[in-house]
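For reference, the chains in residue letters:
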Amino acid sequence: MADTKIPLLHVQSSGTGTPVLLIHGFPFTSRMWQPQLHGLADAGQILAPDLPGFGSSPAAPPPHSVDELAHACMAVLDAHGISGPAVVGGLSMGGYIALAIARLYPQRLRGLMLLSTRAGADGAEAKANRDKAIATAQEQGPAPAGEGMFPKLLAPGNYDAQPQTAEELKAIMAGATTEGVVMALTAMRDRPDSTPLLSQISVPTLVVHGEEDQVIPKSEAEAMAAAIPNSQLQIIPQAGHVPNLEQAAEFNKIIASFVASV
Ligand code: MLT
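Below you will find a few notes about this structure. Quick caveat: nothing in here was measured; it's all calculated off a predicted structure.

## A short note on unusual backbone geometry
Cis peptide bonds are those with omega within 30 degrees of zero, and the linkage from Phe 26 to Pro 27 qualifies with -5°. Following the sequence through the fold, Pro 27 ends up in the loop between β2 (19-23) and α1 (34-39). At the junction of Pro 62 and Pro 63, the peptide bond is cis and its omega measures out at 5° in the coordinates. Relative to the elements of secondary structure, Pro 63 occurs in the loop between β3 (45-49) and α2 (66-79). Positive phi is not limited to glycine here, since Ser 92 has a value of about 55°. Tracing the chain through its elements places Ser 92 in the loop between β4 (86-91) and α3 (93-104). Not every positive phi belongs to a glycine, and Ser 116 is a case in point at roughly 50°. Relative to the helices and strands, Ser 116 resides in the loop between β5 (109-115) and α4 (124-140).

Quick look at the structure:
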């Protein structure tokens, strides 16, 4: 059982069968997984929590860390009576949390999905940018965090090709609160380097990345897949940082096939 002081997270769910936990990125909410909640209901029991201070989940008391968020995500499985191993996936920040789950709860994993994410920690410059973003959120609220990221989230051509995806992203980011943004930036700033963990991950691992990701370069995904023994890498063309929204059908096909294989 997971031990956490974070109040139970709000969850959107669909389907039955193999449990599949999907952890959202920053500054998103579980709403980002709508195409998966609809499209993967035949593939497994999809559980998509709102992290604390995002969507319908209350803010978390300190300390704020990826490990605390990992415990809170595992408490979601406990609350659904899922004690056997689950597939755990996370996009970007959600991937940082999924890697913490792989370190803290290896026995509760039957598969790991690292989506648009990286293993490394923040360097000095990235940490300084997190501090600036925390100060901005405390002064101006949650909106600037999303506005700053918006131009980099989609593949460059998708802003014109998929205006509805761009609009949906704005609606998703409207679910962030100041407390959530500050908590998430703090946890990301202080997260450990997961690179040494990669060679010890023994469960089947799926690494998915958009070919044109402008937030995290594709080379990070290639390096992770190369370092994880039992891994496969899928690069999705015409997708940026949110391939689950930009190329939902292709993304869902890859996830369904992975879940069926573990
Ligand atoms: C995310 O998409 O979750 C964040 O951009 C990750 C990060 O800021 O490191």
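So that's the structure; there's more coming.
## Description of the site of the ligand
The full set of residues close to the ligand is Gly 25, Phe 26, Ser 92, Met 93, Tyr 96, Arg 130, Met 149, Met 188, Val 215 and His 241. Within the backbone of Phe 26, a nitrogen or oxygen atom sits 2.8 Å from an oxygen atom of the ligand. Measuring from an oxygen atom of the ligand, one finds a side-chain N or O atom of Arg 130 at 2.8 Å. For the ligand, whose free accessible area comes to 270 Å², the fraction covered by protein is 93%. Here the shell around the ligand is built from residues that sort into six nonpolar, three polar and one charged.

## Comments concerning the pairing of strand β7 (residues 231-236)
Sheet topology places strand β6 (residues 205-210) next to β7; six bridges connect them, and they run parallel. Looking across to β7, one finds that Val 208 is bridged to Gln 234. Assessed by its sense of winding, the connection that carries the chain from β6 through helix α10 (residues 218-227) to β7 is right-handed.

## A look at the sheet that holds strand β1 (residues 11-14)
Paired through backbone hydrogen bonds, the strands of a sheet run either parallel or antiparallel to each other. If you trace the seven strands from one edge of the open sheet to the other, you get β1-β3-β2-β4-β5-β6-β7, paired in mixed fashion. This sheet does not close on itself; its edge strands, each paired only once, are β1 and β7. Here the strands of the sheet are splayed against their neighbours by 15° on average, with no regard to which way each runs. Of the strand pairs in this sheet, β2 and β3 are connected by three bridges, and their pairing is parallel. Looking across to β3, one finds that Pro 19 is bridged to Gln 45.

## Describing the packing of α4 against helix α8 (residues 178-189)
How two helices sit against one another is set out by the angle between their axes and by the gap between those axes. Interhelical geometry of α4 versus α8 gives an angle of 170° and a closest axis separation of 9 Å. Viewed along their axes, α4 and α8 adopt a mutual orientation that is roughly antiparallel. Of the residues in α8, those in contact with Lys 127, Arg 130, Asp 131, Ala 133, Ile 134, Ala 137 and Gln 138 of α4 are Thr 178, Val 181, Val 182, Leu 185, Thr 186, Met 188 and Arg 189. Of the residues assigned to the contact of α4 with α8, the class counts are seven nonpolar, three polar and four charged.

## Thoughts on the nonpolar core
In terms of nonpolar packing, the biggest core is built from 89 residues, with Phe 26, Phe 28, Trp 33, Leu 51, Ile 97, Ile 101 and Met 113 touching the most fellow members. Ranked by the residues each element gives to this core, the list is headed by α2, at nine residues. Among residues more than four places away in sequence, those in contact with Phe 26 are Phe 54, Met 93, Ala 145, Met 149, Val 181, Ala 184, Leu 185 and Met 188.

## A short note on the packing of aromatic side chains
One pass over the structure, following the stated rule, counts two aromatic pairs. Residues Phe 26 and Phe 54 carry aromatic rings whose centres are separated by 6.5 Å and whose planes lie at 80° to one another, so their mutual orientation is edge-to-face. Taken together, the positions of Phe 26 in the loop between β2 and α1 and Phe 54 in the loop between β3 and α2 put the pair 28 residues apart, joining distant regions of the chain. For the pair Phe 26 and Phe 54, a shared accessibility class is recorded, and that class is buried. Consider the rings of Phe 150 and Tyr 159, whose centres lie 5.5 Å apart with planes at 75°: the pair is edge-to-face. Both residues of the pair, Phe 150 and Tyr 159, count as buried. Taking the ring centre of Phe 150 as reference, the NZ or CZ of Lys 170 above it sits at 4.8 Å. Cation over ring: Arg 191 sits above Tyr 96, and NZ or CZ is 3.8 Å from the ring centre.

## Considerations on the packing of helix α5 (residues 143-153) against helix α7 (residues 163-173)
α7 packs onto α5 with a crossing angle of 155° between their chain directions and a minimal axis gap of 11 Å. With respect to each other, α5 and α7 are oriented roughly antiparallel. Crossing of α5 against α7: the hand is right-handed. Mapping the contact onto sequence places Gly 146, Phe 150 and Leu 153 in α5 and Ala 166, Leu 169, Lys 170 and Met 173 in α7.

Calculation rules
Residues numbered from 1 in each chain as written. Predicted model: local features only at pLDDT ≥ 70, side-chain atom pairs only at ≥ 80, totals over all residues. Heavy atoms only, no water. Helix = DSSP H or I, 4+ residues; strand = E, 2+ residues; numbered from the N terminus. Near = heavy atom within 4 Å. Polar contact = N/O pair within 3.5 Å; in protein donor to acceptor, adjacent residues only side chain to side chain. Areas by Shrake-Rupley, 256 points an atom, 1.4 Å probe, with all protein chains shown as cover. Nonpolar A, V, L, I, M, F, W, Y, C, P; charged D, E, K, R; others polar. Pairing = 2+ DSSP bridges. Right-handed = clockwise from strand over helix to strand, strands pointing away. Axes fitted to C-alpha atoms, helices over the stretch in contact; angles between N-to-C directions. Parallel < 35°, antiparallel > 145°, perpendicular 65-115°, else oblique. Contact = heavy atoms within 4.5 Å. Core = buried A, V, L, I, M, F, W, Y, C linked by side-chain atoms within 4.5 Å. Buried < 20%, exposed > 50% of the residue type's maximum accessible area, 1.4 Å probe, protein only. Phe/Tyr/Trp six-rings, centres within 6.5 Å; stacked < 30°, edge-to-face > 60°. Lys NZ or Arg CZ within 6 Å of the ring centre and 35° of its normal. Left-handed = near helix turned anticlockwise from the far one by under 90°.

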